[in-house]
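Next come the chains, spelled out residue by residue.
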Amino acid sequence: MPHYTSKLECFSDLSSISTYGYRGEALSAVCSVSDVQMITRHKTDSTASSYAIDKEGRISETGSCHNNMGCTFIITNLFRTLPVRKTYYQGRKGKEQVDLMESFLHGMAIANPSVRFMLRHNKKIVWQHSSGKDIKDSLVSIYGNLTEMVSFSHSSNDNSLSETKINGMLTTTGKSSRKPPYFIFNKRLVKFKSLAKTVKRLFEGTFPNGAICITLNPSSVDVNVEVDKSAVICKGEADLVALIEKVITEQVLVSK
């Protein structure tokens, strides 16, 4: 079965999902339109194992190689089986896809500051983030100068928002954006419409640059709303948005 996942062992695991995992649909799809190589090494292995995967998702070739602990996917010759689609993405649409990928990686770097990210296109480095220690290091790699940004943080133990942590950095002056700041929910880049609407109202019709990171008990968050897991539903959403509005007003806007 090309689309299944073995990450879940019992039904209750659905209430404690904390990772993306390998999306079965994505891996199956990418195998059908490109050449895929997987390199993996367990902490108990002395060397890494390499697997070439054919368009049906079957292992066509194996070998040993040097690699750090973990798993790496190398995808080449994208859309080799769909020449019309390949041509379509070689023009302006290709630039749009690179921009979308860069924005996504920005969010991933904010969610995972200690992870190194690099985006190459046509053998040129578009953007990169060196391993850092916190959100500030990630934002420096994205925006450069942070002198116009204000940091904020809050921890709550209220009954309706127990184990809730909010932190981030937002601009208070300078260039605004047409896009909302990055919303990171339990280390997951998401779209949060109600929060975006609130932030736009607070900043008088525009969006600040920066990021808002929210940590909640996984059992109070449903990440299985969209196939790409770009949206979440949480218990007490109205209370959460109201709390974030209060934090931004008291810690960010007060400095304008």
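Refer to the structure printed above.
Small disclaimer: the values here were computed from a predicted structure and weren't measured.

About the criteria used
- Residues numbered from 1 in each chain as written.
- Predicted model: local features only at pLDDT ≥ 70, side-chain atom pairs only at ≥ 80, totals over all residues.
- Heavy atoms only, no water.
- Core = buried A, V, L, I, M, F, W, Y, C linked by side-chain atoms within 4.5 Å.
- Buried < 20%, exposed > 50% of the residue type's maximum accessible area, 1.4 Å probe, protein only.
- Helix = DSSP H or I, 4+ residues; strand = E, 2+ residues; numbered from the N terminus.
- Contact = heavy atoms within 4.5 Å.
- Pairing = 2+ DSSP bridges.
- Axes fitted to C-alpha atoms, helices over the stretch in contact; angles between N-to-C directions.

Q: How would you summarise the nonpolar core if you had to cite specific residues and measurements?
A: Counting residues in each nonpolar core, the largest one holds 30 residues, and the members touching the most others are Phe 185, Ile 212, Ile 214, Leu 240 and Ile 248. Of all the secondary-structure elements, those providing two or more residues to this core are strand 7 (149-156), strand 8 (164-171), strand 9 (182-185), helix 5 (193-202), strand 11 (210-215) and helix 6 (237-251). Excluding residues within four positions of it along the chain, Ile 214 makes contact with Lys 165, Ile 184, Phe 185, Asn 186, Phe 192, Leu 195, Leu 240 and Ile 244. Counting 20 residues, the second-largest nonpolar core is a separate cluster that includes Phe 117, Ile 142, Met 169 and Cys 213.

Q: Give a description of the side chain of Thr 164 that names residues and reports values.
A: Mapped onto the secondary structure, Thr 164 falls in strand 8. Residue Thr 164 is classed as buried on the basis of its relative accessible area, which comes to 1%. With residues near it in sequence (within four places) discarded, Thr 164 still touches His 154, Ser 155, Ser 156, Thr 215, Leu 216 and Leu 240.

Q: So, the environment of Leu 240: which residues are in play, and what are the values?
A: Note that Leu 240 resides in helix 6. Of the residues examined, Leu 240 reaches a relative accessible area of 0% and is grouped as buried. Here the alpha-carbon distance between Leu 240 and Leu 195, two residues 45 residues apart in the chain, equals 9.0 Å. Leu 240 has contacts with Leu 161, Thr 164, Ile 166, Phe 185, Phe 192, Ile 214, Leu 216 and Cys 234, leaving out every residue within four places of it along the chain.

Q: An account of the sheet that holds strand 8 is needed here, citing residue identities and associated values.
A: Strands belonging to one sheet form pairs held by backbone hydrogen bonds; the direction of such a pair is parallel or antiparallel. Reading across the sheet, the five strands line up as 7-8-11-9-10 and stay open at both edges, with mixed pairing between neighbours. Sheet topology places strand 7 and strand 10 (189-190) at the edges, where each strand pairs with a single neighbour. Where strand 7 meets strand 8, eight bridges bridge the pair, whose relative direction is antiparallel. Bridging across to strand 8, Ser 156 finds its partner in Thr 164. Against the sheet, helix 4 (residues 135-143) engages strand 7, strand 8, strand 9 and strand 11, with an angle of about 150° to strand 11. Along the sheet, helix 6 contacts strand 7, strand 8, strand 9 and strand 11; its crossing angle with strand 7, the most-contacted strand, is approximately 135°.

Take it as geometry only, folks, not as evidence of what the structure does.
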